[in-house]
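Next come the chains, spelled out residue by residue.
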Amino acid sequence: MAEIKNNIYYVGAKDWDRKFFDELVPLSEGTTYNAYFIKGSEKNVLIDSVDPEKFDTLLSNLERLGVEKIDYIVSLHCEQDHSGCIPVILQEFPECKVVTNEKNCGLLQEHLHISPEQIQVIEEWETLSLGDKTLQFFFIPWVHWPETMAAYLQEDKVLFPCDMFGSHYATSEMFAKSDAYQLELIKSYYAEIMMPYKKVIVKNLEKIDQLDIDMIAASHGPIYDDPQFPINAYKDWVSDKVTNHVVIPYISMHHSTRIMVEHLIDELTERGIHARPYNLIGCDISQLASSLVDSATVVLAGPQILAGPHPALANAAFLANMLKPKTKFVSIMGSYGWGGKMVEKLKAAIPNIKAELIEPLMIKGMPREDDLQLINEFADKILEKHRSEGLVE
């Protein structure tokens, strides 16, 4: 619990030990569930709640503040790590009204069984007076659910953007550092849940640009007292700009594909292209997803098994297709024993990736000297494509 601005308090919870989010995303740094209590001269409001497993922390923080009344609880997003404790809050503070938009009103009834009589529906850009403070609401759909909205505290210039600009990072520091480490945390979070909706995020950023912001208090991770740091990062990631990087998710059963991948990386490096392999056995998918955000090229590499791609490589293709990266070029490489349709199946698995296909390279058995020369030519093709985008001389 901490006061982040005059009569604005952080009352959320840090989850130092959580290892996975949605039973899918690895959390190397844990996470936080950020909730904020605003004390107005006439009304009090709670912005979001916490994951139900951390309700005791939220309640303890409110008790330490001496909170005896909550007039409103703003639900920016229905998901349980934001709104899961709202039913219990309503029991503790029965006079409280849930403030949200019409779409979320229905979702809260379906997912959390909140009575519609307890919900106050607001329209976009509507304001809510707390006396000396005024909250204004606007909708930011698909960041990352269709009902997601943001709140802006006008007098204090604080933006509460829900998941937007968030990061999975449990830290004792209340405010984020504007450094490379924090940037990578934001990027990873963006990659995992925001990247598929980048075209919609462009429009949401235009709404945010209308506001005079001193502080961004997102729903996960530390608070930003340098608001342009995450905003500029998002603007870069949703743009069409890509970097001179090749991402290579790979799997190798008998070392043939590994030899191909390592040789390709050496050749790309000599040509001034940055390459990053991800061994899909034990790979942190958060890191893989983050690398997909702005890399120019993706090469799926693996052996053929049972006439198709290795299941680990098929999963990587599924992930990339789901995240819809803005990569400009994609290809496939690997080894095979006798025949099959690995290339055809992988190509069919990535319809959402609107990238140019570089002719795939499949080698029979263990690579020989002639095969390594084919990899050199493969690297040349990638170099030509990167030059066409002005990424390398």
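Scroll up for the structure.
Report on the accompanying structure. (Residues numbered from 1 in each chain as written. Predicted model: local features only at pLDDT ≥ 70, side-chain atom pairs only at ≥ 80, totals over all residues. Heavy atoms only, no water.)

Looking at chain direction, strand β17 (residues 243-250) and strand β18 (residues 274-279) are connected through six bridges and run parallel. In the strand pairing of β18, His245 is matched with His274. Read from β17 through helix α8 (residues 256-270) to β18, the crossover connection turns out right-handed. (Pairing = 2+ DSSP bridges. Helix = DSSP H or I, 4+ residues; strand = E, 2+ residues; numbered from the N terminus. Right-handed = clockwise from strand over helix to strand, strands pointing away.)

What follows concerns empty space enclosed by the protein. Throughout the structure, instances matching the rule amount to one cavity of 30 Å³ or more. Along its surface, the largest cavity is lined by Tyr10, Lys14, Thr32, Asn34, Thr171, Glu173, Met174, Gly221, Pro222 and Ile223. Taken together, the residues of the lining of the largest cavity break down into four nonpolar, four polar and two charged. (1 Å grid on protein atoms, 1.4 Å probe; cavity = no way out; pocket = protein on both sides within 12 Å on 5 of 7 lines; lining within 4 Å. Points joined across faces, edges and corners; volume = space filled by probe spheres on them. Nonpolar A, V, L, I, M, F, W, Y, C, P; charged D, E, K, R; others polar.)

This part takes up the packing of aromatic side chains. All told, the structure shown has nine aromatic pairs when counted by the stated rule. When the centroid spacing of 5.0 Å and the interplanar angle of 15° are considered together, the rings of Trp125 and Phe138 count as stacked. With Trp125 in the loop between β11 (119-121) and β12 (127-129) and Phe138 in strand β13 (residues 134-139), this pair connects stretches of sequence that are 13 residues apart. An angle of 50° between the planes, with centres 5.9 Å apart, marks the rings of Tyr234 and Trp237 as tilted. Taken together, the residues Tyr234 and Trp237, both in helix α7 (residues 228-238) and three residues apart, mark about one turn of the helix. The pair formed by Tyr234 and Trp237 is uniform in burial state, with each residue classed as buried. (Phe/Tyr/Trp six-rings, centres within 6.5 Å; stacked < 30°, edge-to-face > 60°. Buried < 20%, exposed > 50% of the residue type's maximum accessible area, 1.4 Å probe, protein only.)

Everything listed here is a matter of geometry and, on its own, says nothing about what the molecule does.
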